[in-house]
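Letter by letter, the chains look like this.
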Amino acid sequence: MSSTLTGWLQAVALVGALALCHRPLGDHIAKLLTTGKHLGVERGLYKAVGVDADADQRWPVYLRSVLAFSVVSVLFLYGLIRLQGHLLLSLGVPQMEGHQAWNTAISFTTNTNWQSYSGEAAMGHLVQMAGLAVQNFVSAAVGIAVMATLIRGVTRNKTDRVGNFWVDLTRIVLRLLLPLAIVFALVLVAGGTIQNFHGFHELTTLAGDPQSIPGGPVASQEVIKELGTNGGGFFNANSAHPFENPNGFTNLLEIFLLLLIPFALPRTFGRMVGDNRQGYAIVAVMGLFWVASAALITFFEVQHAGVAAQAAGAGMEGKEQRFGIAASSLFAASTTLTSTGAVNSFHDSYSPFGGGLTIFNMMLGEIAPGGTGSGLYGMLILAVVAVFVAGLMVGRTPEYLGKKLGGREMKFASLYILTTPTLVLVGTGIAMALPGERAGMLNSGAHGFSEVLYAFTSAANNNGSAFAGVTVNTDWYDTALGLVMVLGRFLPMVFVLALAGALARQQPVPATPGTLPTHKPLFVGLLSGVILIVVGLTYFPALALGPIAEGLH
């Protein structure tokens, strides 16, 4: 069987599995976000921390809860990393420097999981489990919680309440992420992913050289790293490491896991607004971009430039033999279109246009299907912009699902869209303007620029993958990328929550013959066009200096 046919069969199997889970999982998430019933363990947690589970919050209070929880998470994780040499299961790893610990704590709290360190050499088992894995759960839950407030803003009328953050966070972790993680961690173990508390085994290779083989609780972290679209690897090689991702079955399962919740959330949206067709329209746009990206990356990698290069297997550079080009390209498209950032191949070794597409995927705002929660609320922001554009065309006040989109609402949507590009382009510009930071580039010319552009695009969009080729474990890069991760995560959340509050206060308006139907193919096309135009106008000059210039050359 050819590798191309194998790739197509894997893609078909993946689409089928996601389609089967779309409805039941989406309905389950909608139910847990709307039910008034609390589980016994949940009531115990609310009582322990003094939360009134039946009291909804205004959007500023909800925002303060999100920020307070995140600040505590950063401080806890920073302290755990800095003190790990005095903790159990530290494995004798050296103490991490302050600037790198800051960057790592920010990275995992913001769902980015950018790693400027080698996991097996810098983190003991306790920090991996009690620090990094815990943040993988709660950072994913925060994204879904913020998404829920935007949907409630659409569904609620004449109120200033958008939900209770502590209730949302608790339910998402206990009723969604934890059960799925337990089940699929067992599947990963059955597939060959390791799960133990071993330290380093000192072995002698066939050549007579010593080698240290690490162990660890890998499967339990691997599952939530994909399921929560986090992406931080237990090992430096991430999902290319055979202990994390040993074979073709686990590789396909990991792609399925990182797409599972984001592709189910449009169904949740449809259920909560009372019109499943709205969810189908959103998932159609997500699916179109995902299929196009996976197909194009695969095409460019298979058609690697030059007959001699193809004959020498140049398309396999940076890819695992056990996965091949098709499965590596499918993983690359999926991990950069979500906010996962896990990798099973080396994106820096991709062809110029193949690697450029991984950057472009993140520049889309990771909305196809995007991260857990963040993908859907990003897509809904763009849907608001698309409706506004359509309203301007016909000269009427735009409205989306019965809510008018006035100046206040559009300011929040516009600020959301402008935030990430500003961080990416300003950060990249500063890095390229500083001689010391340019010296950290291991490649010159267009490819070197692409590496820096990739780093800031990944950080601002909370993806976490890297083009590599840049020395980023420096005071400047750790600080700069840490700030970009913080602002790229929480500034958009501010605008999403503010928009949710503005919509919730409105009285719904009835649909008229002039109302734009947002569940039909026309709107799917309009929304897709708006996404491409917004991204193209914003990032094309930067892409032209990097991957496009390299590809044309």
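Residues numbered from 1 in each chain as written. Predicted model: local features only at pLDDT ≥ 70, side-chain atom pairs only at ≥ 80, totals over all residues. Heavy atoms only, no water.

Asks: Quick one: what's the story with the overall build of the chain, residue by residue and with numbers?
Replies: Scanning the chain for helices and strands turns up 19 helices and 6 strands. A compact globule built from 553 residues should have a C-alpha radius of gyration of about 24 Å, and the chain, at 23 Å, falls within 12% of that. Counting the 553 residues in the chain, one finds 57% classified as buried. Sequence separation of at least 24 residues holds for 78% of the intrachain contacts in the chain that already meet a minimum separation of 6. Surface exposure of the chain reaches about 21,200 Å², of which carbon and sulfur atoms provide 68%. One finds the centroid of the 29 positive side-chain charges in the chain at a distance of 19 Å from the centroid of its 28 negative side-chain charges. (Helix = DSSP H or I, 4+ residues; strand = E, 2+ residues; numbered from the N terminus. Rg over C-alpha atoms; globule rule 2.2 N^0.38 Å. Buried < 20%, exposed > 50% of the residue type's maximum accessible area, 1.4 Å probe, protein only. Contact = heavy atoms within 4.5 Å. Areas by Shrake-Rupley, 256 points an atom, 1.4 Å probe, with all protein chains shown as cover. Lys, Arg positive; Asp, Glu negative; His and termini not counted. Charge placed at Lys NZ, Arg CZ, Asp CG, Glu CD.)

Asks: A description of the pattern of salt bridges should follow, citing residues and the corresponding values.
Replies: Considering all chains together, one arrives at 13 salt bridges under this definition. The closest approach of N and O atoms between Asp160 and Arg161, which form a salt bridge, is 3.1 Å. Using a relative accessible area of 31% as the deciding quantity, one classes Asp160 as partly exposed. Ionic pairing is found between Arg322 and Glu320, a salt bridge with its closest N-O pair at 2.5 Å. (Salt bridge = Lys/Arg side-chain N within 4 Å of Asp/Glu carboxyl O.)

Asks: Just give me the short version of the side chain of Lys403, but keep the residues and values in it.
Replies: Here Lys403 shows up in strand E6 (residues 403-404). Despite its burial, Lys403 remains without a salt bridge, the nearest opposite charge being carried by Glu409 at 8.9 Å. Among the polar contacts listed, one links the side chain of Lys403 to the backbone oxygen of Gly153, at a separation of 2.9 Å. For Lys403, the residues in contact, after removing those within four places along its chain, are Gly153, Val154, Arg156, Asn157, Pro398, Leu503, Ala504, Gln506 and Pro508. (Polar contact = N/O pair within 3.5 Å; in protein donor to acceptor, adjacent residues only side chain to side chain.)

Asks: Provide a residue-level description of a nonpolar patch on the surface, including the pertinent values.
Replies: A surface patch of nonpolar side chains, amounting to about 340 Å² of accessible area, comprises Leu5, Trp8 and Leu9. Here Leu9 shows up in helix H1 (residues 3-34). Exposure remark for Leu9: the relative accessible area of 46% places this residue in the partly exposed category. (Patch = residues over 30% accessible without salt bridge, like charges linked within 9 Å, V, L, I, M, F, W, Y side chains within 5 Å.)

Asks: Give me the nonpolar core: which residues, what numbers.
Replies: Counting residues in hydrophobic clusters, the biggest one holds 148 residues, and the most contacted among them are Leu176, Ile261 and Leu527. Setting aside its immediate chain neighbours within four residues, Ile261 contacts Leu25, Ile29, Ile144, Leu176, Leu177, Leu180, Leu227 and Thr372. (Core = buried A, V, L, I, M, F, W, Y, C linked by side-chain atoms within 4.5 Å.)

Asks: Please provide a residue-by-residue account of the packing of helix H4 (residues 98-109) against helix H6 (residues 125-155), values included.
Replies: Relative to each other, H4 and H6 sit at 35°, their axes nearing to 8 Å. Seen from H4, the contacting residues are Thr104, Phe108 and Thr109; seen from H6, they are Leu132, Gln135, Asn136 and Ser139. (Axes fitted to C-alpha atoms, helices over the stretch in contact; angles between N-to-C directions.)

Asks: Which residues make up the packing of aromatic side chains, and what are the values?
Replies: This model, assessed by the stated rule, comprises 15 aromatic pairs. Between the aromatic rings of Tyr454 and Phe467, the centroid separation amounts to 4.8 Å while the plane-to-plane angle is 5°, which identifies the pairing as stacked. Separated by 13 residues along the polypeptide, Tyr454 in helix H17 (residues 445-460) and Phe467 in the loop between H17 and helix H18 (475-504) bring together distant segments of the chain. For Phe467, a relative accessible area of 5% puts it in the buried group. An aromatic cluster of three or more residues is present, and its members are Tyr62, Phe69, Phe165 and Trp166. It is Lys319 that lies over the ring of Tyr350; its NZ or CZ is 4.1 Å from the centre. (Phe/Tyr/Trp six-rings, centres within 6.5 Å; stacked < 30°, edge-to-face > 60°. Lys NZ or Arg CZ within 6 Å of the ring centre and 35° of its normal.)

Asks: Break down the pairing of strand E4 (residues 210-214) for me, citing the residues and quoting the values.
Replies: Pairing between strand E3 (residues 200-204) and E4: 5 bridges, direction antiparallel. Within E4, the position partnered with His201 by the bridge is Ile213. Counting the residues in the hairpin turn of E3 and E4 gives 5 residues, including Gly208, whose phi is positive at 90°. (Pairing = 2+ DSSP bridges.)

Asks: Can you break down H18 residue by residue, with the values?
Replies: The first and last C-alpha atoms of H18 sit 44 Å apart over 30 residues, in line with the 44 Å expected at 1.5 Å per residue. Where burial is concerned, most of H18 is hidden: 22 out of the 30 residues are buried. (Expected span 1.5 Å × (residues − 1).)

Asks: How would you explain unusual backbone geometry if you had to name every residue and give the values?
Replies: The peptide bond linking Ala368 to Pro369 adopts the cis configuration, its omega dihedral lying at 10°. Relative to the elements of secondary structure, Pro369 occurs in the loop between helix H13 (352-363) and helix H14 (374-394). Phi at Lys158 is positive, roughly 50°, even though this residue is not glycine. Note that Lys158 resides in the loop between H6 and strand E2 (161-163). Lys158 gets classed as exposed once you look at its relative accessible area, which sits at 62%. The residue Thr229 is not glycine, and still its phi comes out positive at about 45°. On the secondary structure map, Thr229 appears in the loop between helix H8 (218-227) and helix H9 (248-273). Given a relative accessible area of 0%, Thr229 falls into the buried group.

Asks: Go over the packing of H8 against H9 with me, naming the residues and quoting the values.
Replies: Here H8 crosses H9 at 45°, and the two axes come no closer than 7 Å. Here H8 is positioned oblique relative to H9, judged by the angle of their axes. Residue-level inspection shows Glu222, Val223, Glu226 and Leu227 of H8 in contact with H9, the latter providing Glu254, Leu257, Leu258, Leu260 and Ile261. (Parallel < 35°, antiparallel > 145°, perpendicular 65-115°, else oblique.)

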